[in-house]
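For reference, the chains in residue letters:
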Amino acid sequence: MQLANHLLLQQRSFFQSGKTRSLEFRLEQLRKLERMIRTNEEKILAALHQDLRKPKAEAWASEIALVLEEIAVMTKNLKAWSKSSRLPIPLALQPASARIYPDPYGQVLIMAPWNYPFQLLLSPAVGAIAAGNVVTLKPSEFAMNTSQLIGELFQDTFAPEYLMVIEGGVEVNRQLLAHRFDYIFFTGSPQVGRLVMSAAAPHLTPVTLELGGKSPCIVDRSVDLKTAGRRIAWGKFYNTGQTCVAPDYLLVHKSVRQELLHSLVDAIESFYGKDPKTSPDYGRIINHRHFDRLINYLKDGEVLYGGQFDSHQLYISPTLIVQPVRDSALMTEESFGPLLPVLEYEHLREALEVIERAPHPLALYLFSNDKKIQDTVMSSVAFGGGCLNDCVVQLGASSIPFGGVGASGMGRYHGKTSFDTFTHFKPILKRATWSDPQFRYPPYKDHLKYFKFFLD
Ligand code: NAD
């Protein structure tokens, strides 16, 4: 960490040199990043395959395309977003003008988890670069191959005093968090999120926390169940269920439960065949710790479909669990794997009570064509963001801000919100000196009447 400390100090001086502030510099770095990704696309896909056996199509769409989209949106709009803008001034402060200036925070730390190890590190990095910061990137040690590749690619492309990657485990994270950064952007579990926030507190460093949670998916009786089944199965088993916004559990109206279960099974088999272990489109669990955690959940309900596993291959088949035990680990911890517990409800109120008993989720999905139900759910439940009649795809547009609320996080990013996240908007009031009325200054005597005239 000696070396990193030295580099962290160099980063600060590089920021203070002012080089990162110019629009041309920032655009050039974004173009460099884009070239780096495009040139190394095959290597990135190979590393993701080694770490999580990600199918190429999924890896490209969710890891590479999303970052390229962020770069495209940023380069297209950066000039406009970087301009200062005028603010209105009340009569009491006239003659004057006021403007708000976008200003980079300075030295930014971005820490990412292992499930989308490329995208979750680089998407926020695009925002931090665009806003004019110097950046330290900390990939997850669990996606080892991707972490190593990212380290190499950045070392070959960027000077470390501007953009550097620091690899390592918990100890490296702790040491990094002891440093005074100007902004910390963390994606990971709520448990580590708390540690990050307490490490930021002594320095009063602002944080964005992109955390997880149990994202519910409600299926009402007013929908096409075939489509609902396909969309839910896709969202749940994409990346083997290791997606922060995957539907964690289903709440299905009693009258359509059987039909939905059939539709889910049909969808699973049409995606991955009868034996998903042999499917090139079905991934693996990241490591033995998570594999064991998931296997342990199987006892917390009745396995209706799937439930096969192979520890040598870190394989767990797409699994549907009915009658999950209410306070079991399966129903209280984020499952973060290919196990889908299914609960039923008769009145919407019962479903909402289940959701409200738990901390605010990162996402919520509702399959319903009933406007009244849509309005009730959207307006009465707190959650980060979500979809009506689909799941997970809300992440596909950079125009849609992404982030949690309460236990699922704070702050948001993607597109313009990424630029804003890494920017301090600095307002400045400019006063004229030709007018300086005496009533502002003591002794106030009868000045109250002027104050009332201008301020009331
Ligand atoms: P994690 O919290 O264990 O790790 C995230 C990062 O924190 C990694 O870089 C890791 O090295 C570091 N870390 C781990 N333990 C630490 C400690 N004690 N001190 C300091 N740093 C530490 O999360 P994970 O297992 O990598 O990812 C899974 C979690 O991330 C799930 O809860 C999931 O919902 C969440 N997640 C959220 C989003 C989102 O965008 N909101 C996206 C993906 C994953």
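Residues numbered from 1 in each chain as written. Predicted model: local features only at pLDDT ≥ 70, side-chain atom pairs only at ≥ 80, totals over all residues. Heavy atoms only, no water.

**Student:** Describe the site of the ligand, with residues and values.
**Tutor:** Residues in close proximity to the ligand total 25 residues, the closest being Glu141, Asn173, Ser189, Leu211 and Glu334. At 2.9 Å, a side-chain N or O of Trp114 approaches an oxygen atom of the ligand. Between the ligand and Ser189, the relevant distance is 2.6 Å, taken from an oxygen atom to a side-chain nitrogen or oxygen of the residue. Protein chains bury 93% of the 840 Å² of accessible surface belonging to the ligand in isolation. Here the element with the most residues in the shell around the ligand is helix 8 (residues 190-200); it accounts for three residues. Each residue belonging to the shell around the ligand can be placed in one class, and the counts come to 14 nonpolar, seven polar and four charged. Counting the residues that make up the shell around the ligand, at least three belong to each of domain 1 (2-211 + 409-428) and domain 2 (216-396). (Near = heavy atom within 4 Å. Polar contact = N/O pair within 3.5 Å; in protein donor to acceptor, adjacent residues only side chain to side chain. Areas by Shrake-Rupley, 256 points an atom, 1.4 Å probe, with all protein chains shown as cover. Helix = DSSP H or I, 4+ residues; strand = E, 2+ residues; numbered from the N terminus. Nonpolar A, V, L, I, M, F, W, Y, C, P; charged D, E, K, R; others polar. Domains from an automatic or database assignment.)

**Student:** Tell me about the pattern of salt bridges, residues and numbers included.
**Tutor:** As enumerated under the stated definition, the model contains 21 salt bridges in all. The shortest N-O distance in the salt bridge between Arg35 and Glu28 comes to 3.5 Å. Note that Asp248 is salt-bridged to Lys214, the shortest N-O span being 2.6 Å. Of this pair, Asp248 sits in the loop between helix 9 (225-237) and strand 9 (249-253) while Lys214 sits in the loop between strand 7 (207-210) and strand 8 (216-219), and the two are 34 residues apart along the sequence. Taking relative accessible area as the criterion, Lys214 reaches 10% and is therefore assigned buried. Via salt bridges that share partners, Arg12, Arg180 and Asp182 belong to a single interconnected network. (Salt bridge = Lys/Arg side-chain N within 4 Å of Asp/Glu carboxyl O. Buried < 20%, exposed > 50% of the residue type's maximum accessible area, 1.4 Å probe, protein only.)

**Student:** Tell me what's going on with empty space enclosed by the protein, and back it up with residues and numbers.
**Tutor:** Tallied over the entire structure, the rule returns three cavities of 30 Å³ or more. What the largest cavity holds in volume is close to 70 Å³. In terms of lining, the largest cavity is formed by Leu66, Glu69, Glu70, Gln119, Ser123, Leu395, Gly396, Ala397, Ser398 and His414. Sorting the residues of the lining of the largest cavity by element identifies helix 4 (56-81) and helix 5 (119-130) as the ones contributing at least two each. Examining the composition of the lining of the largest cavity, we find that three residues originate from one element, helix 4, more than from any other. (1 Å grid on protein atoms, 1.4 Å probe; cavity = no way out; pocket = protein on both sides within 12 Å on 5 of 7 lines; lining within 4 Å. Points joined across faces, edges and corners; volume = space filled by probe spheres on them.)

**Student:** So what about the pairing of strand 8? Which residues, and what values?
**Tutor:** Residues of strand 8 alternate between two faces, with Pro216 and Ile218 on one and Cys217 and Val219 on the opposite face, all of them buried. Chirality of the crossover, the property in question, places the unit of strand 8, helix 9 and strand 9 among those that are right-handed. Pairing of strand 8 with strand 15 (residues 363-367), which is carried by three bridges, proceeds in the parallel orientation. Note that in strand 15 the partner of Val219 across the bridge is Phe367. (Right-handed = clockwise from strand over helix to strand, strands pointing away. Pairing = 2+ DSSP bridges.)

**Student:** Tell me what's going on with the packing of aromatic side chains, and back it up with residues and numbers.
**Tutor:** In the structure shown here, the tally under the stated rule is 22 aromatic pairs. With a centroid separation of 4.8 Å and an interplanar angle of 50 degrees, the aromatic rings of Tyr105 and Tyr183 are classed as tilted. Linking Tyr105 in the loop between strand 2 (96-104) and strand 3 (107-111) with Tyr183 in strand 6 (residues 183-187), this pair joins segments that are 78 residues apart in sequence. A relative accessible area of 7% means that Tyr183 is categorised as buried. Where Phe185 meets Tyr413, the ring centres are 4.8 Å apart and the plane angle is 70 degrees; that geometry is what we call edge-to-face. Of this pair, Phe185 sits in strand 6 while Tyr413 sits in the loop between strand 17 (409-410) and helix 15 (416-421); the two residues are 228 residues apart in sequence, bridging distant segments of the chain. (Phe/Tyr/Trp six-rings, centres within 6.5 Å; stacked < 30°, edge-to-face > 60°.)

**Student:** I'd like to hear about helix 3 (residues 41-52), residue by residue, with values.
**Tutor:** With 12 residues, helix 3 should cover 16 Å at 1.5 Å per step; its first-to-last C-alpha distance of 16 Å lies within 8% of that length. Looking only at helix 3, the buried set comprises Ile44, Leu45, Ala47, Leu48, Asp51 and Leu52. An end-on view of helix 3 places all buried positions within 160 degrees of arc, on one side of the element. Where helix 3 terminates, the next one or two residues include Arg53, which has phi positive at roughly 50 degrees. (Expected span 1.5 Å × (residues − 1). Arc of directions from axis to C-beta.)

**Student:** How would you summarise the domain arrangement of the protein chain if you had to cite specific residues and measurements?
**Tutor:** Looking at the assigned domains, one finds that the protein chain contains domain 1 (2-211 + 409-428) and domain 2 (216-396). Counting residues at the interface gives 16 residues for domain 1, matched by 21 residues for domain 2. The largest contributions to the domain 1 side of the interface with domain 2 come from Arg53, Glu58 and Trp114, which together make up 35% of the buried area. At the surface where domain 1 touches domain 2, the tally comes to eight residue pairs in polar contact (both at pLDDT 80 or more). No other element matches helix 4, which puts four residues into the side of domain 1 that touches domain 2. Classifying every residue of the side of domain 1 that touches domain 2 by side-chain character gives nine nonpolar, three polar and four charged. (Contact = heavy atoms within 4.5 Å. Buried area = accessible area lost by both parts, 1.4 Å probe.)

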